[in-house]
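# Architecture at a glance
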Amino acid sequence: MNDNNENSMTSHLFTHREEEFQYAPFDREMSFYESICSGNMELVKIYFQPLFCEGCGTLSKDPLQNLKYHFTISTALIARYCVNSGMTPEESYSLSDIYIMKSDEAITEDEIRSIHYKMIENYTRQMKRIRSENVYSKRIVLAMDYISKHLHSRIKIKETAEYLKISPAYLSRAFKSETGMTFTEYINRKKIEEAAGLLQYSQYTDLEISNLFCFSSQSYFIKIFRKYMGMTPSEYKKNYRFSG
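My aim in this report is to walk through the structure given alongside it, one point at a time. (Residues numbered from 1 in each chain as written. Predicted model: local features only at pLDDT ≥ 70, side-chain atom pairs only at ≥ 80, totals over all residues. Heavy atoms only, no water.)

### With respect to the state of the cysteines
The tally for this structure, following the rule as stated, stands at zero disulfides. Here C37 stays unpaired: no disulfide links it, and the sulfur of C82, its closest cysteine neighbor, is 4.3 Å away. (Disulfide = S-S within 2.5 Å.)

Now the structure itself:
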């Protein structure tokens, strides 16, 4: 590195220190990538932040070019995380190439932000497919998808079975056989996973979250939360609450 580049970097770091600049929280960023790799779009929505949000470094003085640089970095990172989680390199890098080319052709910031969200949706959808293939039967995958879309309501096995056009008894047996969990256990686990994310990153109270996921009572929500997380919602928030 020549003296000019070294001086420029030193000045850049010094300026950020003086302004008490803080980059985006690392834990939240990791949770965002993990939610994409898990194929869980609901969690992705919780952890998602727009391109060049507060806490992101400036890479170009030109706003449009700056956003394109951030888009390229975001896409490249997501592509590599997905490869590490089971997507073939060919599929992952082909997707990233397509979206990076789309962003390069964009002429407005809004267009780039729209492409960014579509890219995230596509990677999440593909990872969901990959995780489901050769693991669960098609009916169980459809049942899981139904549950994922109805987490904010009371999910009944009878209604889910009707949606799948099978009997509740068959669905109950198949679900337990393939997942190792009962239908109700799976629903509760998924609701608690999302509730934990809200406790970390939102201003919702325990009662509001309990109502949001349609638990029969706040006390039941606390009981189920302790079962899967090993602590009460209040304890979890105290230990893991994001304070940024």
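### Describing the nonpolar core
By size, the foremost hydrophobic cluster in this structure holds 59 residues, and its most contacted members are I78, Y123, L171 and F175. The biggest single contributor to this core is helix α10 (residues 183-201), with nine residues. Residue contacts for L171: discarding those within four places in its chain leaves I140, A143, I157, T160, A161, L164, I166 and F183. (Core = buried A, V, L, I, M, F, W, Y, C linked by side-chain atoms within 4.5 Å. Buried < 20%, exposed > 50% of the residue type's maximum accessible area, 1.4 Å probe, protein only. Helix = DSSP H or I, 4+ residues; strand = E, 2+ residues; numbered from the N terminus. Contact = heavy atoms within 4.5 Å.)

### As for the side chain of K68
Inspection of the secondary structure puts K68 in helix α4 (residues 63-84). At 4.6 Å, D104 is the nearest oppositely charged side chain to K68, a buried residue that forms no salt bridge. If sequence neighbours within four positions are ignored, K68 has contacts with S103, D104, A106 and I112. (Lys, Arg positive; Asp, Glu negative; His and termini not counted. Salt bridge = Lys/Arg side-chain N within 4 Å of Asp/Glu carboxyl O.)

### A word on α10
The terminal C-alpha atoms of α10 lie 28 Å apart, and with 19 residues this matches the ideal 27 Å at 1.5 Å per residue to within 8%. The element α10 is largely enclosed, with a buried count of 14 among its 19 residues. (Expected span 1.5 Å × (residues − 1).)

### Describing unusual backbone geometry
Even without being glycine, K165 reaches a positive phi, approximately 60 degrees. The backbone of C214 shows a phi angle near 60 degrees, a positive value even though the residue is not glycine. Of note, C214 is situated in the loop between α11 (206-212) and α12 (218-229). Looking at C214, the relative accessible area reads 24%, which means it is partly exposed.

In short, the description is geometric, and any link to function would need to be established separately.
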